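Topology and contacts: notes
These are the residues of each chain, in order.
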Amino acid sequence: MTRPSISAYVGTRIKRVEDPRLLTGAGMFVDDVTRPGMLHACFVRSPFARARIVDIDVSEALALDGVHAVYVAADLAPGIHEQTYALDGPYMPSLNWPPLAEDEVRFVGDPVALVVADDRYIAEDAVELVAVDYDPLTPVVDYTTADRSDDLVHAAHPANIAAAMGGPLPDELAKTFDAAAHVVTRTIHQQAYIAVPMETRGLVAEWSAGEMTVWASTQSPHEVRGFTARLLGLDEHSVRVIMRDTGGGFGQKVVPQREDIAVLLAARKLPAAVKWIEDRQEHMMSAGMARQECGDARFAFDADGKLLGASIDHVQNVGAYPIPSPVTSGAVVGMLFPGPYRVPAAAFSMKLTYTNTVGRVAYRGPWQFESLAREMLLDVAARQMDIDPVELRRRNMLSASDLPLANPLGMPYNDSTPLETFEHALSILDYDAFRQEQERARAEGRYIGVGTCTYIEPTTGATPFHSTEGATIRIEPSGKVNVYVAGGSTGNSLETSTVQLTADALGVDISDVHTIQGDTAITPFGAGTGGSRSGSMIAGAVRETASVLRDRILAIAAHKLEAAVEDIEFVGSRATVRGVPSVGVTLKEIAEISYFQAETLPAGVPPGLESSGRYHSPSMMLWANATHVCTCEVDIETGAVKILRFIVGEDCGPMINPDIVEGQIYGGTVQGIGGALYEHLSYDDDGNPVTTTFMDYLLPTTDTVPDIEIGHVESPSAGPGGYKGVGEGGAIGASPAVVNAVADALAPFGVEVSSLPLSPATIIKMLDEVQAVKA
């Protein structure tokens, strides 16, 4: 394979090519799409967490001027052919997802009917005219006791169990715990929270002349295309999905959900395009939740603080309709619980329970609870054994020289630097100096703390769906380059990364390169954004495709310049003979020869400069890793937490564009801070969501988030360019680091944190409880 002699663009902070469009308001989001005669959809939603549907009267709504249709479940169900996600694969256990509630509603916000009207205003008015007679039933709200409830979310799932795995500790591990010098146990609860993308969910579906065209806010246009074809019983070539700009996804927009299904089915029945755009309150009730889970975590240590064994019994709320299947990420929580540490033996159990709350969806680092539980437990162990938490980690953490190895549950770690990033992050902080400052602050009545989280993260080709990616490159007769990839960019700048990768792989000037993404009619199949896969997989696809064209370019240039191919240098869209830079041929001239002077081409070189290639990841996953370090101050009078510094030591391999990498780290870290301190999708005992506006559901803001300091450690992976994923890590590591910092600040009071979020009220309550015990 012929490669460029230099890397001119990859690894540099090239300005994002999409920014001029987005910053000037010229972006094209789903709500910007208009079609001739387009209709607008709005959903009637359940006000009950669980109830039988006795009757639905749509007559008054249908009589409203401007209403074209009102659909209930029976109207749409006959149109369903198949509901499977390529992401899950054919063997993943799953529910049938009724697009509209059939006999029973199962959470507040469950879609019951779909109104289609001339505009959104009329549709919303008509929603109020649909009369639904409900017979309320007792909801299942507490996921920790759902398996012991006499009430069932789904009659077909006894004990409300969606999936279960594992059991009691194996005998040998049980003996290890019995004989250990120190055993540390803690039950840790994490609250439910949501993705909150800038753009809510939405799509436009248009059925015309036997073809379905869909404009979607999605992370995976080809997944939407395949799902739509299976749902409607169409050939895939009869479905076109167009994804232009998407204002955030975070996993929530990887696959179509029930409202999308309903709109697709309705559009098949109507003579015009149908648009559905979710409002923010709908989004917070119905778009899906993440993170709500708990675990009984245990570590066994010898007398010197060396880990001997680990176990976690993990319970997760999957809500009423989890989409996609939560089984994979649920199991990964247990499999990754040992983390980047030398743990000789480990075990886990997993139980996923249905409840009458909104369904679980994919969310940035869906297995994150393993890091939260592990890192919180390590700090608890350090306090109990009177060892500094940094020292305890140093005694047990893996370093690059220990790899490759498999953790005790079979996860094959490689090409990572846990100890190295840990030390790098601590050096940025100056850990010893902070501990001295902490002593002085406590003497002054101020309570500051430091917390860390070190994790190792699987990225890239973790599933068959994620492990393949295609690219098509067409060099036009003008010498300009178009590169087509599946896309799915939701703020992670796949446009800029693709342009950089292509410019370097071909050896052309970056200003000559343009990328086309997000249109299934013209782009090769790819899984889109998810699983921290995009950069590495697109790099592989571009490399496979560009190598063919570059060899062709060199052959034509050599023939034109009367030189040997190996003597040709091609850089910046111009070919020269090595040592004679003044004589050369441009890419435009080479393209003109290739397209219009085919008779002059060297033997064996076909006309045209177009090529398609496909990359398949040879390994199940590429391992990234990082350490997050947080320092904070806690006001013990108000419970307020102020983050003082936040440092990330990151190893995602070589960086395609450091600005994009750091942007991903910043964004994920802020989400993790939100999960530790602010965000909480809360339900009352009757299953009513009580945080459905930004008055109640708190988010981190610019005045509560510090500057995030980043230090890079680079170890290459076995993948293309040595790249690894970086999309999810920030959201994995930030919450545990913040929680540990708060716990460290409150350590003089004997406070131990066991649940999130750490709101001011929660902190005051913990302090009061400790004082009450002492009294």
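Before reading further, recall that the structure is shown in the block above.
So, here's what we can say about the structure.

The buried fraction of strand S5 (residues 111–117) amounts to seven of the seven residues, a majority that puts the element mostly inside the structure. Sheet topology note: the strand S1 (residues 39–45)/S5 ladder contains six bridges and is antiparallel. Following the sheet pairing, Ala41 is matched in S5 by Val116. Examined bridge by bridge, strand S3 (residues 67–71) and S5 share four bridges and lie antiparallel to one another. Looking across to S5, one finds that Val70 is bridged to Val115.

The next subject is the packing of helix H14 (residues 494–506) against helix H15 (residues 534–561). It is the contact of H14 with H15, at a shortest axis distance of 9 Å, that shows an interaxial angle of 35°. The interaxial crossing formed by H14 with H15 has right-handed handedness. Together, Leu494, Thr498, Leu501, Thr502, Ala505 and Leu506 of H14 and Ser534, Gly535, Ile538, Ala539, Val542, Ala546, Leu549 and Arg550 of H15 make up the contact between the two elements. Each residue belonging to the contact of H14 with H15 can be placed in one class, and the counts come to nine nonpolar, four polar and one charged.

For the rest of this paragraph, the subject is the state of the cysteines. Counted by the stated rule, this structure contains zero disulfides. With no disulfide of its own, Cys652 lies 16 Å from the sulfur of Cys453, the closest cysteine sulfur. Of the residues examined, Cys652 reaches a relative accessible area of 3% and is grouped as buried.

A separate point is the nonpolar core. With 158 residues, the main nonpolar core has Leu114, Phe301, Phe646, Leu677, Leu746 and Ile763 as its most contacted residues. Ranked by residues supplied to this core, first place goes to helix H10 (residues 369–385) with ten residues. Ignoring anything within four residues of it in the chain, the contact list for Leu677 reads Val641, Ile643, Val738, Pro757, Leu758 and Ser759. Grouped together as the second largest cluster of nonpolar side chains are 46 residues, Tyr9, Ile473, Leu494 and Ile593 included.

Strand order in the open sheet made by the four strands is S18-S26-S27-S28, with mixed pairing throughout. Two strands lie at the open edges of the sheet, namely strand S18 (447–459) and strand S28 (708–712), each paired on one side alone. Averaged over all adjacent pairs, the angle separating strand axes in this sheet is 15°, with direction ignored. Relative to S28, strand S27 (residues 641–651) runs parallel, the two being bridged by five bridges.

Attention now goes to the side chain of Arg393. Structurally, the position occupied by Arg393 is in helix H11 (residues 389–396). Polar contacts involving the side chain of Arg393 include one to the side chain of Thr452, which spans 3.3 Å. Those residues within four positions of Arg393 in sequence are excluded, and the remaining contacts are Tyr341, Glu375, Leu378, Asp379, Phe422, Thr452 and Asn740.

All right, on to the sheet that holds strand S13 (residues 293–301) then. Strands sit in the order S7-S15-S14-S13-S8 across an open sheet of five strands; the sheet is mixed. Every other strand in the sheet has two partners, leaving strand S7 (161–165) and strand S8 (182–190) as the edge strands with one partner each. Direction aside, neighbouring strands of the sheet carry axes that sit 10° apart on average. Bridge count for S7 against strand S15 (residues 346–354) is four bridges, and the pairing is antiparallel. Counted as the bridge partner of Met165 is Met350 from S15.

This paragraph deals with a negative patch on the surface. A surface patch of like charges, here negative, comprises Asp55, Asp57, Glu60 and Asp133. As for its position among the elements, Asp57 is in strand S2 (residues 51–57). With relative accessibility at 36%, the residue Asp57 sits in the partly exposed group.

Right, let's get into the pattern of salt bridges. Tallying each qualifying case throughout the model produces 48 salt bridges. Two residues, Glu282 and Arg120, come together in a salt bridge whose shortest N-O distance is 3.3 Å. Of this pair, Glu282 sits in helix H8 (residues 280–286) while Arg120 sits in helix H4 (residues 120–127), and the two are 162 residues apart along the sequence. Note on accessibility: Glu282 and Arg120 belong to one class, buried. The partner of Arg186 in a salt bridge is Glu752, with the nearest N and O atoms 3.7 Å apart. With Arg186 in strand S8 and Glu752 in the loop between helix H18 (729–745) and helix H19 (760–774), this residue pair connects regions lying 566 residues apart in the sequence. According to the relative accessible area criterion, Glu752 is partly exposed, its value standing at 30%. A cluster of three or more residues bridged by salt bridges with shared partners is formed by Arg45, Arg120, Glu124, Arg201, Glu259, Glu278, Asp279 and Glu282.

Right, let's talk about the packing of H10 against H11 for a bit. For the pair H10 and H11, the least separation of the axes is 9 Å and the interaxial angle reads 110°. Taken together, H10 and H11 sit at an angle that is classed as roughly perpendicular. Between H10 and H11 lies a crossing of right-handed hand. Every residue of H11 that contacts H10 at Glu375, Leu378, Asp379, Ala381, Ala382 and Met385 is listed here: Pro389, Leu392 and Arg393. Among the residues making up the contact of H10 with H11, the classes are represented as six nonpolar, no polar and three charged.

Before going further, it helps to spend a moment on the packing of aromatic side chains. Applying the stated rule across the entire model yields eleven aromatic pairs. Consider the rings of Tyr85 and Trp97, whose centres lie 4.9 Å apart with planes at 35°: the pair is tilted. Placement of the pair is Tyr85 in the loop between helix H3 (73–76) and strand S4 (104–105) and Trp97 in the loop between H3 and S4, with a sequence separation of twelve residues. By relative accessible area, which is 2% here, Tyr85 ends up buried. Taking relative accessible area as the criterion, Trp97 reaches 1% and is therefore assigned buried. Where Tyr193 meets Tyr363, the ring centres are 5.8 Å apart and the plane angle is 80°; that geometry is what we call edge-to-face. Taken together, the residues Tyr193 in the loop between S8 and strand S9 (202–208) and Tyr363 in the loop between S15 and H10 connect sequence positions 170 residues apart. Three or more aromatic residues link up through ring pairs in this structure, and these residues are Tyr85, Trp97 and Phe227. The ring of Phe177 carries the charged tip of Arg298 above its face, separated from the ring centre by 4.6 Å.

For H18, which comprises 17 residues, the first-to-last C-alpha distance of 25 Å matches the rise-based estimate of 24 Å (1.5 Å per residue) to within 8%. H18 sits mainly inside the fold: 17 of its 17 residues count as buried.

Thresholds applied
Residues numbered from 1 in each chain as written. Predicted model: local features only at pLDDT ≥ 70, side-chain atom pairs only at ≥ 80, totals over all residues. Heavy atoms only, no water. Buried < 20%, exposed > 50% of the residue type's maximum accessible area, 1.4 Å probe, protein only. Helix = DSSP H or I, 4+ residues; strand = E, 2+ residues; numbered from the N terminus. Pairing = 2+ DSSP bridges. Axes fitted to C-alpha atoms, helices over the stretch in contact; angles between N-to-C directions. Left-handed = near helix turned anticlockwise from the far one by under 90°. Contact = heavy atoms within 4.5 Å. Nonpolar A, V, L, I, M, F, W, Y, C, P; charged D, E, K, R; others polar. Disulfide = S-S within 2.5 Å. Core = buried A, V, L, I, M, F, W, Y, C linked by side-chain atoms within 4.5 Å. Polar contact = N/O pair within 3.5 Å; in protein donor to acceptor, adjacent residues only side chain to side chain. Patch = residues over 30% accessible without salt bridge, like charges linked within 9 Å, V, L, I, M, F, W, Y side chains within 5 Å. Areas by Shrake-Rupley, 256 points an atom, 1.4 Å probe, with all protein chains shown as cover. Salt bridge = Lys/Arg side-chain N within 4 Å of Asp/Glu carboxyl O. Lys, Arg positive; Asp, Glu negative; His and termini not counted. Charge placed at Lys NZ, Arg CZ, Asp CG, Glu CD. Parallel < 35°, antiparallel > 145°, perpendicular 65-115°, else oblique. Phe/Tyr/Trp six-rings, centres within 6.5 Å; stacked < 30°, edge-to-face > 60°. Lys NZ or Arg CZ within 6 Å of the ring centre and 35° of its normal. Expected span 1.5 Å × (residues − 1).

Remember, this is a structural readout, not a statement about activity or role.
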